[in-house]
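Below, each chain spelled out in residue letters.
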Amino acid sequence: MYVEDVQNSPSNITKAYAVPFILSLPQANSTGTGFLTEINIYPKNVVTDEPKTDKDVKKLGQDDAGYAIGEKFNWFLKSTVPLNLEDYEQFEITDKLSNSLTFSKIGDIKIGEISLQANIDYLVTSPSAENGNTLKITFVKERLPEIAKLLVNSKLLKTQDDINQAHVNTNENAFLEIPVETSINEKTVLGKGIENTFTLQYDHTPDKVSNPRPSNPPKNPEVHTGGKRFVKVAAGNDATKLGGAEFDLLMENGDVVKWT
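Residues numbered from 1 in each chain as written. Predicted model: local features only at pLDDT ≥ 70, side-chain atom pairs only at ≥ 80, totals over all residues. Heavy atoms only, no water.

A. Examining the nonpolar core more closely. By size, the foremost hydrophobic cluster in this structure holds 39 residues, and its most contacted members are Ile109, Ile111, Ile137, Phe139, Leu176, Ile178 and Val223. Among the elements that line this core, the one with the most residues is strand S12 (residues 176–184), at 4 residues. For valine 223, the contacting residues outside a window of four places in its chain are Val57, Ala65, Tyr67, Phe73, Trp75, Leu101, Ile184, Lys192, Gly193 and Ile194. Membership of the second largest hydrophobic core comes to 6 residues, among which are Phe76, Leu157, Ile163 and Phe175. (Core = buried A, V, L, I, M, F, W, Y, C linked by side-chain atoms within 4.5 Å. Buried < 20%, exposed > 50% of the residue type's maximum accessible area, 1.4 Å probe, protein only. Helix = DSSP H or I, 4+ residues; strand = E, 2+ residues; numbered from the N terminus. Contact = heavy atoms within 4.5 Å.)

What follows is the structure, encoded as structure tokens:
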């Protein structure tokens, strides 16, 4: 009797269609004139493309940007979408934000030109002091087959290079896109880059037991903000520092820079 060992199957198998069967020996050859000395058995499994991830900042395809403290901007969490998404038991994104970043909101999550629905297709756990400033986006398992049906006419990206270079998200060039709006706060170190990455936990094993696997972007985008230290001194050559001095620093457009 042959039984497929699901637990020790390759990691990219998502369905185990091979049912147990009995093979009687010896087996005659096709002509009936002798017996086979070698028999090949092929379980009929379904394999999947492992999700590939990437992350951008400011706009799709960009990895670096500069902002003033308090100015809002988007990170873009990106992932390829497996053709057999309906077979997945888990598809969850975790983004631990730097303490230098303040979370604002999640933008329009979409795959190609198809927008997904908050609290129906996915659930959001916002960053807080209690969870270590961690954002979590959990796609509802029961909705994955419905999402997969919406994608039947979309051309999904597959490779790491494709998702790294993706700068437009259409039905002809479709991938999962999650805009995350944040701002740089007063905890930042001026002039030092602020990196941000995330982890996609997914499970497509057919055993109905939680066996999550991680996928992390191969590169970390960053934002940064400039800064200077100022003192006010007396006129002349002695450069005596003047205590209690107050003055404003202005942007080119006349806006006052926020002091931290």
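B. A look at the sheet that holds strand S15 (residues 213–215). Pairing is antiparallel in the open sheet, where 5 strands are placed in the order S10-S11-S6-S14-S15. Unpaired on one side and paired on the other, strand S10 (122–125) and S15 mark the two borders of the sheet. In this sheet, neighbouring strand axes are inclined to one another by 20° on average, regardless of whether the strands run parallel or antiparallel. As paired strands, S10 and strand S11 (residues 134–139) are joined by 4 bridges and run antiparallel to one another. Across the sheet, the residue bridging to threonine 125 is lysine 136, located in S11. (Pairing = 2+ DSSP bridges. Axes fitted to C-alpha atoms, helices over the stretch in contact; angles between N-to-C directions.)

C. Structural detail: the environment of leucine 150. Mapped onto the elements of the fold, leucine 150 is located in helix H1 (residues 144–150). Leucine 150 sits in the partly exposed class, given a relative accessible area of 47%. On a C-alpha basis, the gap between leucine 150 and isoleucine 114 in space is 7.7 Å, while along the polypeptide they are 36 residues apart.

No statement about biological role is implied by the geometric values presented.
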